[in-house]
Amino acid sequence: MNTVEPGAAGSPPEPGPAEALPSVAPQLRELRRRAALTLETAARAAGLSPAHLSRLETGQRQPSLPMLLALARIYGTTVSELLGETVAERDAIVRGADMEPTAAGGWTYAQAGAPGRGMQALRVHVPHGSQGDIVRVHPGEEWLYVLRGRLRLRLGDSAHVLAPGDSAHFDSLTPHRIAAADRDGAELLFVHTLLQSPTAALCLGPATGHPTSGETS
């Protein structure tokens, strides 16, 4: 499984500790321990080095959205719980005023669905040039709908440009890459199945034609 450490050539540098999400670090450590996983086991399942996962757990590094998705699957939980969000019950309605944006890995996203469900809905802003060279492969399905801007989507060997109103629905085991086509970025609705399996992992790797250098795991 190919992995790439954030900050490698071809990907944007990761924000420093001052920009880290305050609730993520303690939640990452607590949920890993609750899942009875060692640092080395969890890091290997997520395609990270133990040192990098340790930095995430101590707040020295900020996880990207793909990392949060990977760790949520491994720990059998949701991104909402990783962020320390709790709700008294599973409300069917999510109000726009309650969708607080969160920055991670250069992306900005907000929960657009109730936490703790079998799938997660997000409203995502993808800035131009952010993580456009990272290929994702993981179990599940994904559906996305472009709200604003144009989105470049590569599925396997095929490339597409999606305009506002266009959507895509695909098997997440198909290698895929998402990037904004315009400098103003792209905004989209994103729905994915959240597999509650401690062995499910999100594999990250450099796309063909984008060699990496630096630390890898």
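Residues numbered from 1 in each chain as written. Predicted model: local features only at pLDDT ≥ 70, side-chain atom pairs only at ≥ 80, totals over all residues. Heavy atoms only, no water.

K.L.:
Can you walk me through the sheet that holds strand E8 (residues 167-171) in this structure?
P.N.:
The strands making up a sheet associate through backbone hydrogen bonding, with each pair oriented either parallel or antiparallel. Across the sheet, six strands lie side by side as E1-E2-E3-E10-E5-E8; this open sheet has antiparallel pairing. Strand pairing shows two members of the sheet lacking a second neighbour, strand E1 (102-104) and E8, which therefore form its edges. Averaged over all adjacent pairs, the angle separating strand axes in this sheet is 25°, with direction ignored. The pairing of E1 with strand E2 (residues 107-111) spans three bridges and is antiparallel. What sits directly across from Ala 104, in E2, is Trp 107. (Pairing = 2+ DSSP bridges. Helix = DSSP H or I, 4+ residues; strand = E, 2+ residues; numbered from the N terminus. Axes fitted to C-alpha atoms, helices over the stretch in contact; angles between N-to-C directions.)

K.L.:
Quick question: what am I supposed to make of the pairing of E2 here?
P.N.:
In regular strands, side chains alternate between the two faces of the sheet. Burial runs high along E2: four of the five residues are buried. Both E2 and strand E3 (residues 119-126) contribute to a ladder of four bridges, which runs antiparallel. Residue pairing for E3: Ala 110 is matched across the bridge by Arg 123. (Buried < 20%, exposed > 50% of the residue type's maximum accessible area, 1.4 Å probe, protein only.)

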